[in-house]
Amino acid sequence: EVAYYRRWSETGAMPDTSIKLDTESFNKIYDGDIAYIPRGVEDIYYLDNEKLGLEEDKRYIIDLTTGIIYALSGYTVENVDVHSLPMYKAIANGVTTAPKFAQAEVSGSGDNLAYAGQEYLKDKQGNYVDEEGNIVSEENKVKNPNGFKIIASGNNIFKLYNNGDLYGKGIKGAQLNTSSEEMEKINPYVWKEWKIPAEVNGCKQIIIGTNGLFFIDENNDLWVTGSNTLSNKLGLNSEQLINYTSREIVKVDLNGAKVQDVYCGPYSTFLITTNGDILAAGGNSNYELGLNHNNATTSFEKVPIDKKGEVECIYCTQSGDSRVTIIQYKDKTFYLAGEDSNNILKKGIYQKFTQIFNGEIGPDIDDKIVSIDWNAQCLVLENDGTLLFAGYPSYMNGGLNEDVKVGNFTAYQENGFSELIPFSQAGVILKKKDGTCYFLGTDKNFGKYASTTPTLANFTGGEKVKDVYVKSSAAFFILENGECWGIGRKNSLGINSQESTFENDFVKLSFESVEKFYNEKIKRRSFPFWMCGCSYK
């Protein structure tokens, strides 16, 4: 029901699915939609009945995206389980116009629908009544002194009483009248010291994933925090989904499986267990999880593979509706699942992991590959420093050497690269052993260095680069002299700016003597770290 209303509010058109379907069919159609439209289950919260003045024996959740409050125990209308007043009205009255979401409506169960959270007193038949229950005309309707409205605004919930009292709860900020001192403590636009959450006992490893953090504790149990908006990629169970807000840390239920490593992309997460199995959760519309089906996943599923315990790296990628996952094994073989829509190797959908770069699907270069970036295009870095290009031709197809062809791939004239650092669909960063770095791609975050050909990054004094960290909207460089510089969106650089405009050139950051961006427990991944910040030692 929540997914149904979100789709309705997002598109502005009533969904084609009839709300009068039987409950099982209705729920099956919208299974998984709650993770997509528009921000996911992190915007669904339990309501505190006592504080809100709701009936104590019932439980409610509020969907902040639409402002609708749902009773967890509804009732059935024409074979449909109803948990909200807008749905009840749509079924009972045949309403086809989109519900109004500016003010939330509280729904109870059964005959209590008319009473829950009403601004004015009504009886069960909908007549206005005074305090003694006597019917009055609409002109003389009496305000209930204990009546209130529930209003959803952004990430906050407000309760407005008829007498003018206003209460609110949610994320600190101007809406909740948070002091400037408190706001400074949680300022996301400056660098802050960060500690491992206390719940993770004996943390063995931290993995920075796309919009989230993964922790492996001393017992090899997995803990997560961050965004779960896309396809339940954190693999949380139904009860956790209701409570999860993306800010708390939660232990993932893996039915006893223990975790050795994690690979996380924009839409999916892959786990390597201590016994060598691969588990996957998240988006699967293009078969990119390699499960031999494209059904939405509601928990981590075991991926059928032939080479157990031999994974070297997993590349989780996404470009528009085309998504692929590539497994690199220790024996230097590569396997792909998903849709090759740009004919990079061999156009088609691979429902399970299929070997590539073996001369049959793609050129026979698997023993030469150092790293891969697969988005709208594919870049392959070979061990001799050669960079190969194939796929969508608009973002980074300049400076190619047309005399060097490898299957569908063409080499760049500039070569000698030692590291390929994916940044976005429209850009990558390339590093050479001598410490020079190049920008490649038309991504606006690259400022004046944005180009379809590899472009040298120039720092003051010509210093060489020691380490690079990237996110979707900024890139950070540690120079050999310990300085740290950044380029990209101003609000992502940690320079205390909320502007979403782009810096045209490098900005020197405030901290000095930086050794590296990760300590020994944090692994670098060969795909974008779309995080809200980064770490340094």
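Note that the structure is a prediction, hence the values are computed from the model and not measured. (Residues numbered from 1 in each chain as written. Predicted model: local features only at pLDDT ≥ 70, side-chain atom pairs only at ≥ 80, totals over all residues. Heavy atoms only, no water.)

Enquirer: Would you take a moment to explain the overall build of the chain for this structure?
Expert: When helices and strands are tallied, the chain shows six helices and 34 strands. Taking all 537 residues of the chain together, 51% fall into the buried category. Sequence-distant contacts, at least 24 apart, represent 45% of the contacts inside the chain between residues at least 6 apart. As displayed, the chain has an accessible area near 24,500 Å², and 44% of this comes from carbon and sulfur atoms. (Helix = DSSP H or I, 4+ residues; strand = E, 2+ residues; numbered from the N terminus. Buried < 20%, exposed > 50% of the residue type's maximum accessible area, 1.4 Å probe, protein only. Contact = heavy atoms within 4.5 Å. Areas by Shrake-Rupley, 256 points an atom, 1.4 Å probe, with all protein chains shown as cover.)

Enquirer: Looking at this structure, how should I read the sheet that holds strand 3 (residues 68–71)?
Expert: Whether parallel or antiparallel, the strands of a sheet pair through hydrogen bonds between backbone atoms. Here three strands make up an open sheet; going across it, the order is 1-2-3 and the pairing antiparallel. What marks the edges here is a single partner per strand, and that holds for strand 1 (44–46) and strand 3. Neighbour-to-neighbour, the strand axes of this sheet turn through a mean angle of 25°, independent of strand direction. As paired strands, strand 1 and strand 2 (residues 60–63) are joined by three bridges and run antiparallel to one another. By the bridge assignment for strand 2, Ile-44 is matched with Asp-63. Across the sheet, helix 1 (residues 2–11) touches strand 1, strand 2 and strand 3, and the angle it forms with strand 3 is around 165°. (Pairing = 2+ DSSP bridges. Axes fitted to C-alpha atoms, helices over the stretch in contact; angles between N-to-C directions.)

Enquirer: I'm lost on the pairing of strand 13 (residues 259–264) in this one. Help?
Expert: Within a regular strand, the side chains alternate between the two sheet faces. Counting buried positions along strand 13 gives five out of six residues, so the element sits mostly inside the fold. As paired strands, strand 13 and strand 14 (residues 268–273) are joined by five bridges and run antiparallel to one another. Note that in strand 14 the partner of Val-262 across the bridge is Leu-271. Counting the residues in the hairpin turn of strand 13 and strand 14 gives three residues.

Enquirer: I keep staring at the sheet that holds strand 25 (residues 409–412) and nothing clicks. Help me out?
Expert: Across the sheet, which stays open at both edges, the five strands sit in the order 21-22-23-25-24 with antiparallel pairing between neighbours. Looking along the sheet, the strands with just one partner apiece sit at the ends: strand 21 (369–374) and strand 24 (400–406). Strand-to-strand, the axes of this sheet are offset by a mean angle of 30°, without reference to chain direction. Where strand 22 (residues 377–382) meets strand 23 (residues 387–391), five bridges bridge the pair, whose relative direction is antiparallel. Each bridged residue has a counterpart across the sheet, and for Gln-377 the counterpart in strand 23 is Gly-391.

Enquirer: What should I look at first to understand the packing of aromatic side chains in this one?
Expert: Any two aromatic rings considered together are summarised by their centre-to-centre distance and by the angle between their planes. In this structure the tally under the stated criterion is 26 aromatic pairs. Judged by centre distance (5.4 Å) and plane angle (45°), the ring pair of Tyr-4 and Phe-26 falls under tilted. Placement of the pair is Tyr-4 in helix 1 and Phe-26 in helix 2 (residues 23–29), with a sequence separation of 22 residues. With a relative accessible area of 0%, Tyr-4 lands in the buried category. What makes Phe-26 buried here is its relative accessible area of 3%. (Phe/Tyr/Trp six-rings, centres within 6.5 Å; stacked < 30°, edge-to-face > 60°.)

Enquirer: Whenever I open this one, the nonpolar core confuses me. Can you help?
Expert: One broad rule of soluble globular proteins: the nonpolar side chains tend to lie buried together. Core analysis: the largest hydrophobic core is formed by 38 residues, its most contacted members being Phe-270, Ile-314, Leu-345, Phe-357, Ile-372, Trp-374 and Phe-409. Take this core: its biggest share by element is five residues, from strand 17 (residues 311–319). The next biggest cluster of nonpolar side chains, apart from the first, holds 19 residues, and it includes Ile-207, Ile-216, Leu-222 and Phe-300. (Core = buried A, V, L, I, M, F, W, Y, C linked by side-chain atoms within 4.5 Å.)

Enquirer: It is not clear to me how the pairing of strand 28 (residues 437–441) should be interpreted in this structure. Could you clarify?
Expert: Extensive coverage of strand 28 is indicated by the burial of five of its five residues. The pairing of strand 27 (residues 427–432) with strand 28 spans five bridges and is antiparallel. The partner of Gly-427 across the bridge, within strand 28, is Gly-441. The turn linking strand 27 back onto strand 28 is made up of four residues, and Gly-435 within it adopts a positive phi angle of 90°. Where strand 28 and strand 29 (residues 451–456) come together, three bridges link them in antiparallel fashion.

Enquirer: Can you walk me through the pattern of salt bridges in this structure?
Expert: Tallied over the full model, the rule gives 13 salt bridges. Close ionic contact of Asp-221 with Lys-251 constitutes a salt bridge, the shortest N to O distance being 3.3 Å. With Asp-221 in the loop between strand 10 (212–216) and strand 11 (222–226) and Lys-251 in strand 12 (residues 250–251), the pair connects residues that are 30 residues apart, well separated along the chain. Judged by relative accessible area, Lys-251 falls into the partly exposed class, the value being 38%. Each member of the salt-bridge network shares a partner with another, and the members are Lys-172, Glu-182 and Lys-185. (Salt bridge = Lys/Arg side-chain N within 4 Å of Asp/Glu carboxyl O.)

Enquirer: What am I meant to see in unusual backbone geometry here?
Expert: Keep in mind that most residues, glycine aside, have a negative phi and that most peptide bonds are trans. Residues other than glycine seldom take positive phi values, yet Asn-177 does so here, at roughly 60°. Looking at the secondary structure, you find Asn-177 in the loop between strand 8 (166–169) and helix 5 (180–185). For Asn-220, which is not a glycine, the phi torsion comes out positive at approximately 60°. Here Asn-220 shows up in the loop between strand 10 and strand 11. Residue class for Asn-220 comes out buried when judged on its relative accessible area of 17%.

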